[in-house]
Amino acid sequence: PAAAPTPPPGAPAGSEQMMAQVFQEITALRTAIEKNPKDADALLRLANLYHDAGKFDEAVGYYKRALEIHPKDVDARTDMGICLRELGKSDDAIAQFRTSLSYDPNHWQTWLNLGVVSLFDKQDVDAAAAAFKKVEALNPGYKDLPLLKDALQKARGSGAGPAS
């Protein structure tokens, strides 16, 4: 196995130890998946680790494998959509969010991400407004709601989005 990656300069003390633990966990998860390719928990944990590390291509591969086993896992499907967006695949991300919402129409995190991609990537103000309205209905205390509404207002002011 390769050596654990070196933390960036200026990283807090203990980062090397933390990175070594993550590397060990990745190795253990890969071993578990080799023994049982249908281990959905290991696939998801590995996908989440790659997601958190910004290795979105790798994350998507593991999310896809986990979703073959549990296709209705809206958290995993939404996370995969986030990774697809990070890879510049906004349309694919939106497709995953819509599939997620077909399983759980009240999953506010999916509505949030659908709104973000609609607004910032697709400049679809109407779709973003509808998504953010759902977020507000499902989670009225969401701390970033005022920022999203402000971004929506600015986009409306700039004439972005379909003609009304």
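Since the structure is predicted, the reported quantities are computational estimates derived from the model, not experimental observations.

Q: Which parts of the structure should I look at to understand the packing of helix H5 (residues 90–103) against helix H6 (residues 108–121)?
A: One way to put it is that H5 packs onto H6 with a least axis distance of 9 Å and a crossing angle of 155°. With respect to H6, the element H5 is oriented roughly antiparallel. Of the two elements, H5 crosses H6, and the hand of that crossing is left-handed. Counted together, Ser90, Ile94, Phe97, Arg98, Ser100 and Leu101 of H5 and Thr110, Trp111, Asn113, Leu114, Val117 and Asp121 of H6 form the full contact between these two elements.

Q: How should helix H2 (residues 40–52) be read in this particular structure?
A: Since one α-helical turn is 3.6 residues long, residues separated by three or four positions face the same way. Across its 13 residues, H2 extends 18 Å between first and last C-alpha, which sits within 8% of the 18 Å expected from 1.5 Å per residue. Regarding H2, the residues found buried are Ala40, Ala42, Leu43, Leu44, Leu46, Ala47, Leu49, Tyr50 and His51. Buried residues along H2 sit against helix H1 (15–35), helix H3 (56–69) and helix H4 (74–86). One or two residues past the end of H2 sits glycine 54, with phi positive at roughly 80°.

Rules used throughout
Residues numbered from 1 in each chain as written. Predicted model: local features only at pLDDT ≥ 70, side-chain atom pairs only at ≥ 80, totals over all residues. Heavy atoms only, no water. Axes fitted to C-alpha atoms, helices over the stretch in contact; angles between N-to-C directions. Helix = DSSP H or I, 4+ residues; strand = E, 2+ residues; numbered from the N terminus. Parallel < 35°, antiparallel > 145°, perpendicular 65-115°, else oblique. Left-handed = near helix turned anticlockwise from the far one by under 90°. Contact = heavy atoms within 4.5 Å. Expected span 1.5 Å × (residues − 1). Buried < 20%, exposed > 50% of the residue type's maximum accessible area, 1.4 Å probe, protein only.

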